[in-house]
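Here are the chains, one letter per residue:
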Amino acid sequence: MASTQSFWSVPQREGLADFFVCMSCLGEVFYRKVPMPDCPGCHGVSTYEAFTLEAVRDWGTEELIAKAVAAQQASDAAESAALPASS
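I will try to describe carefully the structure that is included in this document. Per-chain numbering applies: the sequence of each chain, read as written, is numbered from 1 onward. Local features in this predicted model are restricted to residues of pLDDT 70 or higher, and side-chain atom pairs are both shown and tallied only at a pLDDT of 80 or more, whereas totals for entire chains, interfaces and linings draw on every residue. Processing note: side-chain calculations cover all non-hydrogen atoms of the structure and skip hydrogens and water entirely.

So, the environment of Thr 52
Which entries qualify depends on this criterion: For the purposes of this entry, the term helix denotes a DSSP run of H or I that reaches at least four residues, the term strand denotes a run of E that reaches at least two, and both are numbered from the N terminus. For this analysis, residues touch if any pair of their heavy atoms sits within 4.5 Å. In protein, a polar contact means a hydrogen-donor-capable atom and an acceptor-capable atom, both N or O and within 3.5 Å, with residues adjacent in sequence counting only if both atoms are side-chain atoms; elsewhere, any N or O pair within 3.5 Å suffices.
Following the sequence through the fold, Thr 52 ends up in the loop between strand E5 (48-51) and helix H1 (53-59). For the pair Thr 52 and Phe 19, spaced 33 residues apart in the sequence, the C-alpha separation amounts to 5.9 Å. With residues near it in sequence (within four places) discarded, Thr 52 still touches Ala 17 and Phe 19. A polar contact is formed between the side chain of Thr 52 and the backbone nitrogen of Ala 55, at a distance of 3.1 Å.

Structural notes on the side chain of Glu 28
Mapped onto the elements, Glu 28 comes out in the loop between strand E2 (19-22) and strand E3 (29-31). Engagement of the side chain of Glu 28 in a polar contact is seen with the side chain of Lys 67, the distance being 3.4 Å. If we skip the residues at most four places from it in the chain, Glu 28 touches Phe 20, Val 21, Cys 22, Cys 39, Gly 41, Leu 64 and Lys 67.

Things to note about the pattern of salt bridges
The following threshold applies: Salt bridge, as applied in this entry: a Lys or Arg side-chain nitrogen positioned within 4 Å of an Asp or Glu carboxyl oxygen. Think of it in three bands: residues with accessible area under 20% of the maximum for their type are buried, residues over 50% are exposed, and the middle band is partly exposed, with areas taken using a 1.4 Å probe on protein chains only.
As enumerated under the stated definition, the model contains four salt bridges in all. Note that Arg 32 is salt-bridged to Glu 79, the shortest N-O span being 3.6 Å. In this pair, Arg 32 is assigned in the loop between E3 and strand E4 (33-36) and Glu 79 in helix H2 (residues 62-82), connecting sequence segments 47 residues apart. Judged by relative accessible area, Arg 32 falls into the buried class, the value being 16%. Classification of Glu 79 by relative accessible area gives partly exposed; the value is 40%. Several salt bridges converge on common partners, so that one network encompasses Asp 18, Arg 32 and Glu 79.

Concerning the sheet that holds E2
Stated precisely, the cut-off is as follows: For two strands to be treated as a pair, DSSP must find no fewer than two bridges joining them. As a rule, the C-alpha atoms of each element are fitted with a line to give its axis, helices using only the stretch in contact, and angles between N-to-C directions run from 0 to 180 degrees.
Taken in spatial order, the three strands of this open sheet run E3-E2-E5, and their pairing is antiparallel. Every other strand in the sheet has two partners, leaving E3 and E5 as the edge strands with one partner each. For this sheet, the mean angle separating the axes of adjacent strands, direction not counted, is 30°.

Next comes the structure, spelled out in structure tokens:
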């Protein structure tokens, strides 16, 4: 039986990092949220550090960078879909 992942959302703040990387496995990244109760990849708890996309690109693997970009694009698409169409 598959369970759905729950998240704590992290409010957007000007000038702060939007990505949260699991420092236990360095393989999971989340955009403006952190999973609860643990990392879905390694099950680490409270092991997240905030980074900008540029910082993730500096040191992350290609897979981690791709996950970060995809997470940001999915969030942007969800925000666009939630906005009412202007006439």
